[in-house]
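Residue-level structural notes
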Amino acid sequence: MANSVVSELNNSEVFRMACRQFDQAADAINLPEAIRDRTKYPRRRQAVSLPIRRDDGRIHVFEGYRVQHSLSTGPSKGGIRFHESVTIGEVAALAMWMSWKCSLVGLPYGGAKGGIVVNPRTLSLRELESLSRRYMQEMINILGPQVDIAAPDVGTNEQVMAWMMDTYSNHVGHVEPAIVTGKPLSLGGSQGRREATGVGVAYLIKKYLADMKIPITQATVAIQGFGNVGSETAVAMVGYGAKVIAVSDYTGAVYNPAGIDIPKALAYVQYNKVLTDFEGAEPITNEQLLELPCTVLVPAALERVVNADNAPKLKCRLLAEAANGPTTNEADKVIEARGDIELIPDVLCNSGGVIVSYFEWLQNLQQYYWDRDEVITKLFTILDRAKAAVDAQKEKFQFNRRLAALTLGISRVAEAKQKRGLFP
Ligand code: NAD
């Protein structure tokens, strides 16, 4: 049967990539044709105009999106990205991956994602607040603690979540912390949420290195992206005794084979905003970082950075996908044919973020708060379970690890839809 959804909305390279991954997984598990398209395509997409007053008095209209991929197993859940290259197709792909991720790790959520086409660095703090509040205002009709819950992603942070939570709370007339996760602790944020994604990435790297019989204290790590996820991964890897030899941001990368002083780099970025001219490491390009000889390569920035051109040149033993969708379909084939690189697929690797977001939402609904030890212990329990399930699926069907993770995630979503009937 030909696809029943053919639309300009799907005209995006990242979306096509997510669809090819889905098709491969669906073929591998013989997913019935009747359930394929409605498991694959997003349930709902909303595009909005976001007029704000700039500091110079002009009115500027930005464009924003929210895509809810699946609402079959609970509210949808997903971050909001502020980036100049956001498209509705990219947001749809990210929402799709959220569905497989939540399903894989056993959370009662479908996937969603949001975004605004904006470079947040070009906004003043007041303009950023106006835009964040306006986005929430325009999306209120499709958001809610039992409908769709937002979170931070690239270009957004705790402060943006605080403004969004405040806008929603003012609208409904009472404080509603469960509308977004990744909030400041003072507004019902969870202990451990800020570092959760990176802590989870590093924990899984530790587990896979142990499986590969590589002592973590002898591991070298190169990380692309030094924002929330990249920097917290770096901190946690150093905590495990590994050596972080390269980190990068959108301005370029820095490299020191003897190891980068991560607390110093963090302090530098906090003050200067970028890694440019960071002392104690030599400047290299983001492309060079990806091809460095290292034990672990961690893409923690944007999609499609590992591609057919550089995949043959990777010199890592383990590729840990902290970012969503960092590896193209073509690069997947190269990596599989090479056979010398282990891969932790994104839907498993960065799931620590949404797992602790789930804990935050639970704490908000119950108005009962946990300490950090409880959060991290519960996070590791879920990650252990998900890793074991993925590795068992890989062995049982002789799949690669991405296919193992995706088939688990996708089959549970498809089964839920099938059991409920045609509407969800
Ligand atoms: P962030 O905005 O905090 O950091 C992004 C980093 O990437 C910054 O250092 C930025 O300078 C860098 N960057 C941007 N463009 C780049 C480029 N072209 N080359 C190299 N570096 C570039 O975002 P984040 O929250 O750390 O998200 C990073 C990735 O992790 C994204 O793929 C996101 O979807 C994924 N992720 C985030 C979370 C979360 O909890 N924040 C959870 C799961 C997955």
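Residues numbered from 1 in each chain as written. Predicted model: local features only at pLDDT ≥ 70, side-chain atom pairs only at ≥ 80, totals over all residues. Heavy atoms only, no water.

Spatial strand order, β1-β2-β4-β3-β5: five strands in an open sheet with mixed pairing. The open sheet has two edge strands, β1 (44-53) and β5 (148-152), and neither has a second partner. This sheet shows a mean twist of 25° between the axes of neighbouring strands, independent of strand direction. Where strand β2 (residues 59-68) and strand β4 (residues 110-117) come together, five bridges link them in antiparallel fashion. Opposite Q68, over in β4, you have A112 as the bridge partner. Where helix α3 (residues 88-105) meets the sheet, it contacts β1, β2, β3 (76-83) and β4, and its direction lies at approximately 155° from that of β4. (Pairing = 2+ DSSP bridges. Helix = DSSP H or I, 4+ residues; strand = E, 2+ residues; numbered from the N terminus. Axes fitted to C-alpha atoms, helices over the stretch in contact; angles between N-to-C directions. Contact = heavy atoms within 4.5 Å.)

Looking now at the site of the ligand. Looking at the ligand, there are 22 residues lining it, with D153, T197, N228, V229 and N324 nearest. One nitrogen or oxygen atom from the main chain of Y250 is found 3.0 Å from an oxygen atom belonging to the ligand. For the ligand, the accessible surface in isolation is 830 Å², of which the surrounding protein chains cover 84%. Broken down by secondary-structure element, the contributors of at least two residues to the shell around the ligand are α6 (193-211) and α7 (228-239). Class assignment of the residues belonging to the shell around the ligand gives a composition of nine nonpolar, nine polar and four charged. Composition of the shell around the ligand by domain shows at least three residues from each of domain 1 (2-187) and domain 2 (196-349). (Near = heavy atom within 4 Å. Polar contact = N/O pair within 3.5 Å; in protein donor to acceptor, adjacent residues only side chain to side chain. Areas by Shrake-Rupley, 256 points an atom, 1.4 Å probe, with all protein chains shown as cover. Nonpolar A, V, L, I, M, F, W, Y, C, P; charged D, E, K, R; others polar. Domains from an automatic or database assignment.)

Time to look at helix α2 (residues 33-40). Turn by turn, an α-helix covers 3.6 residues, leaving residues three or four places apart pointing in a common direction. Considered for burial, the residues of α2 that qualify are I35, R36, D37, T39 and K40. As for α2, its buried residues are in contact with α1 (13-28), α3 and α14 (401-420). (Buried < 20%, exposed > 50% of the residue type's maximum accessible area, 1.4 Å probe, protein only.)

We now examine the domain arrangement of the protein. We note that the domain assignment places domain 1 (2-187) and domain 2 (196-349) within the protein. Using only C-alpha atoms to locate each centre, domain 1 and domain 2 end up separated by 26 Å. The partner domain 2 presents 14 residues to the 17 residues of domain 1 that form the contact. Interface of domain 1 and domain 2: buried area, both sides summed, is about 1400 Å²; carbon and sulfur atoms make up 55% of it. (Buried area = accessible area lost by both parts, 1.4 Å probe.)

Here seven strands make up an open sheet; going across it, the order is β9-β8-β7-β6-β10-β11-β12 and the pairing mixed. Each edge of the open sheet carries a strand with a single partner, namely β9 (282-284) and β12 (342-344). For this sheet, the mean angle separating the axes of adjacent strands, direction not counted, is 20°. Two strands pair when backbone bridges link them, and strand β7 (residues 243-249) and strand β8 (residues 252-255) are joined in this way by four bridges, in the antiparallel orientation. Opposite D249, over in β8, you have G252 as the bridge partner.

This brings us to the side chain of S103. Tracing the backbone shows S103 in helix α3. Taking the relative accessible area as the measure of exposure, S103 reaches 10% and is therefore buried. S103 has contacts with L408, G409, R412 and V413, leaving out every residue within four places of it along the chain.

Scanning all chains against the criterion turns up 28 salt bridges. Among the salt bridges present, the one from R133 reaches E129, with a minimum N-O distance of 2.9 Å. Here the residue R133 and the residue E129 both occupy positions in helix α4 (residues 125-139), the gap between them amounting to four residues, near one helical turn. Looking at R133, the relative accessible area reads 23%, which means it is partly exposed. (Salt bridge = Lys/Arg side-chain N within 4 Å of Asp/Glu carboxyl O.)

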